[in-house]
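Listed below, chain by chain, are the residues.
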Amino acid sequence: MSAPTLSEHQPTDESLSPDLRELHALIEAERAAFVEGGDGRKRAGYFCAYTPPEILDAAGLRHARLFRAGSPETVSNGERYTQSVFCDFSKSCIGAFDRAAGAADPFYLAVDRLYAFHTCASMKRAVEVIERFVPTVLLNLPRLRGEAASRAYLAAELRTLRDDAAALAGRAVTDDDVSEQILLYNSIRRLVRKLSELRQRADPPLTGLDFLEIVRGFYYLPPQVALEAYTKLYRRCAQRHQGKARPARLLIAGSIMADGDRRLVELVERQAGARIVAEDHCTGLRPFRHEIAEAGDPFVALANGYLDQAPCARMKPLGDSLDAAATLAREYEVEGVLYVYLKFCACYGVSKLAFVERFREEGVPVLELSSDYSVSDVGQFATRVEAFLEVLQDRRAERRQAAPALAQEYRQ
Amino acid sequence: MNQVLAVKTRRRNGAKRPPSHGLAALDALAETYSYDALQRVAAAGKSVIWGGWSWESPLIYACDTTPVSFEHLWYDDSRRSAAIAEDYFQVPGEFCSMIKAMIGRLHTDRNNAVKRILHFGSGCEPMSAVLELAKRDGYDVQTLETVSAFRPEEKRAAGVAMLVSELRRIARWLTGREVDEDRVAREIRRKNRVLAKVEHVLNLRARHPLTIPGAQTKRLFLGSMHGFGDAERFIEVLDTLAEELTALDGVAETTAYIPLVLAGSVGNQRLFEAIEEAGGGIAGWIYHGSHPYDESLPPLESLAHYVLDAQGRGDLGEAVGASVAYRRVLVEEEVRKTGARGVISSSIIGCPYASLMQQLERDHFKQVGIPLIALETDVHREPPTEEQITRVKAFIEMLS
């Protein structure tokens, strides 16, 4: 087994639009610098999109979301503890930290402290192993979005996060420090949303692969750097003239799509010629559809804002997650949905029927794909995706034919 | 339908088990808490809910409600229920038989009288997910907010405050009014009596492990949590069993056995018979704890501390989100206490929690030199597979 290097499983310049290459270079430089350290700052890592980077930046920590996975070697590393019944992402999280097993990720090993929210039970379990390898703070994440007590509880947990981050950084963190970061991150999220909204055009100037790179930027780059890069990128992309191409418009919904798990999006966009225009998953558009209140107690604001974001399927009630997914499908006028869940993902595997039915109620066909990080299913995916896209093409043709007939009927 | 398992009346060497009034009374009590009996109680207008039978049961009883263990959902028709889960609800095949049997049975019986479900958000994720699907069949599902104690005493005040607030909400859901804390305190005292007596019986049983078969011992553990809906009668059963076991002290055991500690849940209860037939005797069992509630605390806080302590000890299992890192301490203590020669770590196939804990225990007990075998079963009632029996026999043979 060879240890994956920083460049393995990453998007390459070739897979991204030319406009994205500058951002890609910034991300890779920052990732290398994170590993090298040397700036005297402590480095924090986190797994879940419910972790507010606002607090980590307020403490002056260098931080990154740890969501790089996709390598079968790292999965196999993690299986030493989990056997087979965890999803490949959670196994990768363990494997990437286990220095002894030989396929650990230098980026993960550079982390001084891990902040881990109890999201799904499997990730909680994985973290109980990971804390053997890295100092870890475990935090509760409430599920009941509608309960005032749950919001207050999350605010208390976030204050714990603040205290630990401050101790790690060796400096005090004031409410004003956090409020300042809330303003900054709101600006960034607004820009990411605006960038995504460019995909609402008939000929989107950004591919799905491009957008996933933008999301990588959010989780790896210092916020000020990300803000500047996104501003420039938006200016360029917004001015681009629309072409005549009308690719099939798809939404990807479901489990986490790790940084490094690009097989499906590459297949859809680079081989089959369709376009991912929106993502209802936690490493795509979903975490950017909320804003944090900029006045008042910043921890209450963060608790409310994060619980109000488009929810993961582990949150309750599930109906909120279904509504958010359906809204996204409508706003982006998608023609089809790829519902992709990692094998053993309880949140999206067990709930898939509810999602699939909800999309169908919206009149959107769904292709359901159960995935892992092995390479054995690529051929099967290709066949199924191509067949699905043919169905979507037929529907488009039928609609075109029906449109004049309907217009005539209306005129009569 | 009868959920009370037939218990083998003969031991491995063909000797008949001595008649036990205590065990007969236990079986009779379990009959009153059977699936059908509870549905009849609910149909007659009594408040009955799925769940709420574990650490929170004193609150549920104080709300004039009978909590029912989820285990009832897979005692019967589990194969058919699992097929419904996969076909109708499209639950992927890789998930465990327990959650599939649960959702399938809830669907089959959607017109029955028990329509409310209580569930703790810190526990099993697939269970949490299937219960969301149960809402489609008209079930009123309430989740107690996720509060996990990752380390003993860590962030305790905030966790307790959150749980107390949640318990008050659940009381309003059950009764439409504020909780009667005096009644909760009384129920806590009653449950503490049950827990103490169960512990006493289990300690006596450890000296005569073949006297109470595994399936009935499991019933004692479950009763320690829910009391079969009639704690006073259960206390009488426990007193009878204690008397019978005490009378055995000084009487030579006629069947030789290898003392073992069992860790975890046993889905397929026929496995108990396989262990005994292979010459094993389960002298100790880490399943549901027997720690008492703190009666000096305000009652709702006492419940909260109880579950947070249990999580930190690795006690009460995945139903409460217990830590995977600490159960081995309890197992090791039990091995020392009972003089067991080996550990059987049992789990349900496809359970992430148990599989991880088994792996950690495997590593740990290898280091400390205590033999361990990890077994996985499903919740169905077919006899154990030849492979399982062979592994159990080989393990026990190795210890003899």
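The following paragraphs examine the structure supplied in this document. Note that the coordinates shown come from a computational prediction; the quantities given were computed from them, not determined experimentally. (Residues numbered from 1 in each chain as written. Chains lettered and ligands numbered in written order. Predicted model: local features only at pLDDT ≥ 70, side-chain atom pairs only at ≥ 80, totals over all residues. Heavy atoms only, no water.)

**Focus on the overall build of chain A**
Part 1 of the reasoning: Helix and strand counts for chain A come out as 16 helices and eight strands.
Part 2 of the reasoning: Based on the C-alpha atoms only, the size of chain A along its principal axes is roughly 75 × 50 × 40 Å.
Part 3 of the reasoning: The burial tally for chain A puts 62% of its 412 residues in the buried class.
Part 4 of the reasoning: Intrachain contacts of chain A at a sequence separation of at least 6 include 75% that bridge at least 24 residues.
Part 5 of the reasoning: Here chain A displays about 14800 Å² of accessible surface, and carbon together with sulfur accounts for 50% of that area.
Part 6 of the reasoning: Here chain A carries 54 positive and 58 negative side-chain charges, and the mean point of each set is 2 Å from the other. (Helix = DSSP H or I, 4+ residues; strand = E, 2+ residues; numbered from the N terminus. Buried < 20%, exposed > 50% of the residue type's maximum accessible area, 1.4 Å probe, protein only. Contact = heavy atoms within 4.5 Å. Areas by Shrake-Rupley, 256 points an atom, 1.4 Å probe, with all protein chains shown as cover. Lys, Arg positive; Asp, Glu negative; His and termini not counted. Charge placed at Lys NZ, Arg CZ, Asp CG, Glu CD.)

**Details of helix H2 (residues 35-43) of chain B**
Residue and element names in this part refer to chain B.
Part 1 of the reasoning: Among the residues making up H2, those that are buried are Tyr-35, Ala-37, Leu-38, Gln-39 and Ala-42.
Part 2 of the reasoning: Along its buried surface, H2 packs onto helix H1 (21-32), strand S1 (47-50), strand S2 (65-68) and helix H5 (97-108).
Part 3 of the reasoning: Looking one or two residues beyond H2, the residue adopting positive phi is Gly-45, at roughly 105°.

**Brief notes about the nonpolar core**
Part 1 of the reasoning: Phe89(A), Trp55(B) and Leu59(B) are the most contacted members of the largest nonpolar core, which totals 269 residues.
Part 2 of the reasoning: Residue contributions to this core peak at nine residues, all from helix H7 (residues 156-175) of chain B.
Part 3 of the reasoning: If we skip the residues at most four places from it in the chain, Phe89(A) touches Leu66(A), Phe67(A), Ala69(A), Met123(A), Ile256(A), Ala258(A), Leu342(A) and Tyr373(A).
Part 4 of the reasoning: Counting residues in hydrophobic clusters, the runner-up holds 12 residues, among them Ala263(B), Ile286(B), Val331(B) and Phe365(B). (Core = buried A, V, L, I, M, F, W, Y, C linked by side-chain atoms within 4.5 Å.)

**Notes on the environment of Val300(A)**
Residues and elements named next belong to chain A.
Part 1 of the reasoning: Within the fold, Val-300 resides in helix H12 (residues 298-308).
Part 2 of the reasoning: Classification of Val-300 by relative accessible area gives partly exposed; the value is 37%.
Part 3 of the reasoning: Beyond its immediate chain neighbours, meaning those up to four positions away, Val-300 contacts Ala-155 and Arg-159.

**Some thoughts on unusual backbone geometry**
Part 1 of the reasoning: Note the cis peptide between Lys316(A) and Pro317(A), where omega equals 0°.
Part 2 of the reasoning: Within the fold, Pro317(A) resides in the loop between H12 and helix H13 (318-331).
Part 3 of the reasoning: A positive phi angle is found at Glu333(A), which is not glycine, with a value near 45°.
Part 4 of the reasoning: Looking at where Glu333(A) falls in the secondary structure, it is placed in the loop between H13 and strand S7 (336-342).
Part 5 of the reasoning: On the basis of relative accessible area, Glu333(A) is assigned to the exposed category, the value being 58%.
Part 6 of the reasoning: With a phi angle near 55°, Asp77(B) is a residue other than glycine that sits in the positive phi range.
Part 7 of the reasoning: Structurally, Asp77(B) can be placed in the loop between S2 and helix H4 (78-87).

**Observations regarding the pattern of salt bridges**
Side chains bearing opposite charge may pair, as long as their charged atoms lie close to each other.
Part 1 of the reasoning: In total, this model carries 69 salt bridges over all chains according to the counting rule given.
Part 2 of the reasoning: Two residues, Arg263(A) and Asp377(A), come together in a salt bridge whose shortest N-O distance is 2.9 Å. Note that Arg263(A) is positioned in helix H11 (residues 263-271) and Asp377(A) in the loop between strand S8 (366-371) and helix H16 (378-411), a separation of 114 residues in sequence.
Part 3 of the reasoning: Note that Arg183(B) and Asp64(B) form a salt bridge whose closest N and O atoms lie 2.9 Å from each other. On the criterion of sequence distance, the pair formed by Arg183(B) in helix H8 (residues 181-205) and Asp64(B) in the loop between helix H3 (57-62) and S2 is long-range, its members being 119 residues apart.
Part 4 of the reasoning: Residue classification places Asp64(B) among the partly exposed residues on the basis of a relative accessible area of 39%.
Part 5 of the reasoning: Members of the salt-bridge network, linked through shared partners, are Asp19(A), Glu22(A), Lys232(A), Arg236(A) and Arg240(A). (Salt bridge = Lys/Arg side-chain N within 4 Å of Asp/Glu carboxyl O.)

**Quick notes on the environment of Leu174(B)**
Residues and elements named next belong to chain B.
Part 1 of the reasoning: Examined against the element boundaries, Leu-174 turns out to sit in helix H7.
Part 2 of the reasoning: For Leu-174, a relative accessible area of 10% translates into the label buried.
Part 3 of the reasoning: In this structure, the C-alpha to C-alpha distance between Leu-174 and Ala-374, residues 200 residues apart in sequence, is 40 Å.

**Describing the interface of chain B and chain A**
By a widely used convention, the size of an interface equals the accessible area lost when the partners come together.
Part 1 of the reasoning: The interface is formed by 53 residues belonging to chain B together with 50 residues belonging to chain A.
Part 2 of the reasoning: A buried area of about 4100 Å², summed over both sides, lies between chain B and chain A, and 55% of it is on carbon and sulfur atoms.
Part 3 of the reasoning: Together, Glu125(B), Phe150(B) and Leu356(B) form the three largest contributors to the area buried by chain B at its contact with chain A, with a combined 16%.
Part 4 of the reasoning: Between chain B and chain A we count seven salt bridges in total.
Part 5 of the reasoning: Its salt-bridge partner being Glu357(A), residue Arg136(B) comes within 2.8 Å of it at the nearest N-O pair.
Part 6 of the reasoning: On inspection of chain B and its partner chain A, the count reaches 24 residue pairs in polar contact (both at pLDDT 80 or more).
Part 7 of the reasoning: Secondary structure elements with two or more residues in the side of chain B that touches chain A: helix H6 (125-134), H7 and helix H14 (352-368) of chain B.
Part 8 of the reasoning: Sort the elements by how many residues they give to the side of chain B that touches chain A and H14(B) lands first, with nine residues.
Part 9 of the reasoning: Of the residues assigned to the side of chain B that touches chain A, the class counts are 22 nonpolar, 16 polar and 15 charged. (Buried area = accessible area lost by both parts, 1.4 Å probe. Polar contact = N/O pair within 3.5 Å; in protein donor to acceptor, adjacent residues only side chain to side chain. Nonpolar A, V, L, I, M, F, W, Y, C, P; charged D, E, K, R; others polar.)

**A short note on the sheet that holds strand S8 (residues 372-377) of chain B**
Residue and element names in this part refer to chain B.
Part 1 of the reasoning: Pairing within the open sheet is parallel, and its four strands lie in the order S6-S5-S7-S8. Sheet topology places strand S6 (280-286) and S8 at the edges, where each strand pairs with a single neighbour. Going from strand to strand, the sheet's axes swing by 30° on average, the running direction of each strand aside.
Part 2 of the reasoning: Taken together, the six bridges between strand S5 (residues 258-263) and S6 define a ladder with parallel strand orientation. (Pairing = 2+ DSSP bridges. Axes fitted to C-alpha atoms, helices over the stretch in contact; angles between N-to-C directions.)

**What to know about the side chain of Glu132(B)**
Part 1 of the reasoning: Within the element layout of this structure, Glu132(B) appears in helix H6.
Part 2 of the reasoning: Beyond its immediate stretch of four places on either side in the chain, Glu132(B) contacts Lys316(A), Pro317(A) and Leu318(A).

**Remarks on the packing of aromatic side chains**
The geometry of an aromatic ring pair is captured by the separation of the ring centres together with the interplanar angle, meaning the angle of the planes.
All names here are of chain A.
Part 1 of the reasoning: Tallying each qualifying case throughout the model produces 24 aromatic pairs over all chains.
Part 2 of the reasoning: Cluster of aromatic residues (ring-pair linked, three or more members): Phe-34, Phe-67, Phe-107, Tyr-185, Phe-218, Tyr-219, Tyr-220 and Phe-288.
Part 3 of the reasoning: The ring of Phe-107 carries Arg-31 above its face, with NZ or CZ at 4.4 Å from the centroid.
Part 4 of the reasoning: One cation-aromatic arrangement involves Arg-80 over Tyr-81; the distance from NZ or CZ to the ring centre is 4.5 Å. (Phe/Tyr/Trp six-rings, centres within 6.5 Å; stacked < 30°, edge-to-face > 60°. Lys NZ or Arg CZ within 6 Å of the ring centre and 35° of its normal.)

**Remarks on helix H1 (residues 21-36) of chain A**
Residue and element names in this part refer to chain A.
Part 1 of the reasoning: Taking 1.5 Å of rise per residue, 16 residues should cover 22 Å, and H1 covers 23 Å from first to last C-alpha, within 8% of that figure.
Part 2 of the reasoning: Within H1, burial applies to Leu-23, His-24, Ile-27, Glu-30, Arg-31 and Phe-34. Around the axis of H1, the buried residues are gathered within 130° of arc, so they sit on the same side.
Part 3 of the reasoning: Where the residues of H1 are buried, they touch strand S1 (43-46), strand S2 (62-65), helix H5 (106-109), helix H9 (208-220) and helix H10 (223-239).
Part 4 of the reasoning: Backbone geometry just after H1 places Gly-37 at a positive phi near 65°. (Expected span 1.5 Å × (residues − 1). Arc of directions from axis to C-beta.)

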